[in-house]
Amino acid sequence: MQPADTRASVPTPDAPAAANPRHDDRHRPGQRAFRRANLALFAAGVATFVLLYSTQGLLPILSADLDLTPGQASWTASAATLGLALALLPASALSDRYGRTAVMTASTLAASALALALPFAPDLTTLVVLRVLQGAALAGLPATAMAYLAEEVHPSALASAMGLYVAGNSIGGMGGRLLSGWTAAALGWRWGLAASAALALLAALVFRLLIPAARHFTPAPVDARALARTVGRHLRNPLLVRLYALGLLFMAVFGAVYNTVGYRLIAAPFHLPEPVAASIFVVYLVGTGTSAAAGRLSARLGRRGALYVSIGVTAAGLLLSLTDSLTCALLGLVLITAGFFAGHATASSAVGRTATEGRAQASALYLIAYYLGNSLGGTLGADAYHTTGWPGAATVGLTAMTLAAAVTLYATHQAHTARRMTSVRPGT
């Protein structure tokens, strides 16, 4: 990733030049340090996303044990992503000042330590406060990991290293939901959280033992005014703002659906056992394939074409999920997941291509909108489910997709208008 102009940033994946281009000593495939760096970042990704989504798989059990509504219980999931969103830019600034490995180590160990306290939370308020703090602590990894890889790994191997890091995120996200859900179904939610904490702490220790020392990091002071100017320019860029809105809206659907689907599956008419309902997060693996396919879809249909397809698939899944057939409900969930990941991959990749300066901050702002969307959609969806059942949660998702379609239609209109103005000029 290339450091942005302010240096207080979440770097983007353009590798910086080595200090001596004639002797580039960054890690390459086949080297022991390269394998260690890859495995360390994989472990850190697992630790981070195990903790970030650890309560989502046990929301129905939390509701039953603490006498909570779905909306109240969902705050244990939304609070973590909210804390992460708010801490992303500060965490990236700290990594520019104090170093990538220092911030990543502090992030994973602090979040794991907070996780060990979660099973002892006496009430919902304490649990939510701890989750906000945990989310803020976790921000150090997504704000820093890609910068470390870009600085320490040779450009020829950067794509594969990034891929393994993202795989750790995906496996951690799914594993956190499954581990906590299965354990909670057998032993209670406190043991579910304890199991997630133990796995995350183990992964954090593996990270710390394996991560090679940074050799190409140069500390830089944080220029808050320059950072604010860059962020302000991005927020005045209409195209970037539309991409941020799309990231928020797609993630709002994902939060609304996955915060409530467990409740639906254990209730009438399905009455699935809690361990089976917790296993629904295996569907998350659908995103691995659709994220990769999104690039090919964009190449074939263009960015807006890929977004229309993603919106349509997500909306179709929401509508299909409204039936009382378990098969249709599960197929609907597959479509929702596929559409979400394709839309997210399309919008997020467009951010880096759109920003001509300060790409680091542009990417950070997208992640902030993305995680805020998860918190907003998850809470609204859970409240709607409590009021009107699954149709309420699906309506939250359909509303978000309607807004996403409106944003994309407006972008299409603006593009057509710009082309007409370019082609029809006086004297031509």
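Above: the structure in question.
What you see is a predicted model; the values in this text were computed from it and never measured.

Trainee: Sorry if this is basic, but what is going on with empty space enclosed by the protein here?
Mentor: The rolling of a water-molecule-sized probe over the atoms marks out the regions of remaining empty space. Within this structure, the stated rule accounts for 2 cavities of 30 Å³ or more. Approximately 120 Å³ is the volume attributed to the largest cavity. Lining the largest cavity are 16 residues, with Gly-57, Pro-60, Gly-262, Ala-277 and Ala-278 sitting closest to its centre. If you list the elements that add at least two residues to the lining of the largest cavity, you get α2 (59–66), α11 (261–266) and α12 (274–278). Split by residue class, the lining of the largest cavity holds 9 nonpolar, 6 polar and 1 charged. Taken as a whole, the second largest cavity encloses approximately 60 Å³ of empty space. Residue lining of the second largest cavity: Val-261, Arg-264, Leu-265, Ser-321, Ala-329, Leu-330, Leu-333 and Trp-390, and that is the complete set. Here the lining of the second largest cavity is composed, by residue class, of 6 nonpolar, 1 polar and 1 charged.

Trainee: Would you take a moment to explain the packing of helix α1 (residues 32–52) against helix α8 (residues 189–210) for this structure?
Mentor: In helix packing, the relevant descriptors are the interaxial angle and the interaxial distance, both defined with respect to the helix axes. Relative to each other, α1 and α8 sit at 155 degrees, their axes nearing to 8 Å. As far as their axial angle goes, α8 and α1 are roughly antiparallel. In the packing of α1 onto α8, the handedness of the crossing is left-handed. Between α1 and α8, the contacting residues are Arg-36, Leu-39, Ala-40, Leu-41, Ala-43, Ala-44, Val-46, Ala-47, Val-50 and Leu-51 on the first element and Ser-196, Ala-197, Leu-199, Ala-200, Ala-203, Ala-204, Val-206, Phe-207, Leu-209 and Leu-210 on the second. Split by residue class, the contact of α1 with α8 holds 18 nonpolar, 1 polar and 1 charged.

Trainee: Is there a simple way to think about the packing of helix α3 (residues 70–98) against helix α5 (residues 124–138) in this case?
Mentor: Axis separation between α3 and α5 bottoms out at 6 Å; the angle between their running directions is 30 degrees. Taken together, α3 and α5 sit at an angle that is classed as roughly parallel. Crossing of α3 against α5: the hand is right-handed. Where α3 approaches α5, its residues Gln-72, Trp-75, Thr-76, Ala-77, Ala-79, Ala-80, Gly-83, Leu-84 and Ala-87 are matched on the opposing element by Leu-124, Leu-127, Val-128, Arg-131, Val-132, Gly-135, Ala-136 and Leu-138.

Calculation criteria
Residues numbered from 1 in each chain as written. Predicted model: local features only at pLDDT ≥ 70, side-chain atom pairs only at ≥ 80, totals over all residues. Heavy atoms only, no water. 1 Å grid on protein atoms, 1.4 Å probe; cavity = no way out; pocket = protein on both sides within 12 Å on 5 of 7 lines; lining within 4 Å. Points joined across faces, edges and corners; volume = space filled by probe spheres on them. Helix = DSSP H or I, 4+ residues; strand = E, 2+ residues; numbered from the N terminus. Nonpolar A, V, L, I, M, F, W, Y, C, P; charged D, E, K, R; others polar. Axes fitted to C-alpha atoms, helices over the stretch in contact; angles between N-to-C directions. Parallel < 35°, antiparallel > 145°, perpendicular 65-115°, else oblique. Left-handed = near helix turned anticlockwise from the far one by under 90°. Contact = heavy atoms within 4.5 Å.

All quantities given are derived from atomic positions and should not be read as evidence of function.
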